[in-house]
Amino acid sequence: MDGIIGFLIVLPYSLINRPIKLKFPLLAMAVAMLLDLDHFAAAHSFSISDAISIEAYPGTHSLTMAVIFPSIIYVWKHNFRVTWIVFLALLSHVIRDAGLWGVPLFFPFSSTIKLPYGLYLLVILALQQTIFYERRQHVRHFLQLCK
Ligand SMILES: [Zn+2]
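Residues numbered from 1 in each chain as written. Predicted model: local features only at pLDDT ≥ 70, side-chain atom pairs only at ≥ 80, totals over all residues.

Topic: the overall build of the protein chain
Cut-off, in case you're wondering: The way it works is that DSSP assigns letters per residue, a run of H or I at least four long becomes a helix, a run of E at least two long becomes a strand, and they are numbered from the N terminus. Every C-beta atom is placed from the backbone, and the number of other C-beta atoms within 10 Å of a residue's own sets its class: buried at 20 or more, exposed at 12 or fewer, partly exposed in between. Contacts are defined on C-beta atoms placed from the backbone: any two residues whose C-beta positions lie within 7 Å are in contact.
Counting secondary structure elements, the protein chain contains 8 helices and 0 strands. Of the regular secondary structure in the protein chain, the N- to C-terminal order runs α-α-α-α-α-α-α-α. Projecting the C-alpha coordinates of the protein chain onto the three principal axes gives extents of approximately 60 × 30 × 25 Å. For the protein chain, the proportion of its 147 residues judged to be buried stands at 29%. A separation of at least 24 residues holds for 55% of the contacts in the protein chain among residues at least 6 apart in sequence.

See the structure below:
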């Protein structure tokens, strides 16, 4: 489900650009899904039953890591769009898990925090709006040229 949410958050960005390319929504989907690999590391096992029965979410399910991982990508690739999409994918995953089960949101400075479900939905909708920011900048620039 996290992968689908990541895909849907970034999908409008691809739909408003021509030609339509699904590489960014698919990147968001992959990143959002890959984050759950930390369950296997925390369980020290490749077994799915071990991975889903860990007592608490590992620190990688946190806002801290949702900022650190994309920052590393930006330093490595110098590509703001990819960095932003990775950030949105990780953040949407962490916020969803925080809204449904609770995660160490401010790892290593906090224990498990569970967000109210309504706040989770609000943040997910707000994240999707951020993907249009770059497009709005282009429209604003175009309107200034028309004056
Ligand atoms: Zn997760």
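Having seen the structure, we can now continue with the description.
Here's the deal with the nonpolar core
The criterion, for reference: Buried Ala, Val, Leu, Ile, Met, Phe, Trp, Tyr and Cys residues form a nonpolar core when they are connected through C-beta atoms within 7 Å.
Formed by 28 residues in total, the largest nonpolar core has its most connected members in Val10, Ala28, Ile85, Leu88, Ala89 and Leu90. Ranked by residues supplied to this core, first place goes to helix H6 (residues 80-100) with 11 residues. Not counting residues within four places of it along the chain, the set of residues in contact with Ala89 comprises Gly6, Ala28, Val31 and Ala32.

A closer look at unusual backbone geometry
With omega at 0°, the peptide bond leading from Phe107 into Pro108 counts as cis. Within the secondary structure, Pro108 is located in the loop between H6 and helix H7 (117-130). Non-glycine residue His44 carries a positive phi angle of around 50°. Summarising the element assignment, His44 is placed in the loop between helix H3 (38-43) and helix H4 (48-52). Look at His78: it is not a glycine, yet its phi comes out positive at around 55°. Relative to the helices and strands, His78 resides in the loop between helix H5 (63-77) and H6. Judged by local crowding, His78 falls into the exposed class, with 9 C-beta atoms found within 10 Å.

None of this, on its own, says anything about what the molecule does.
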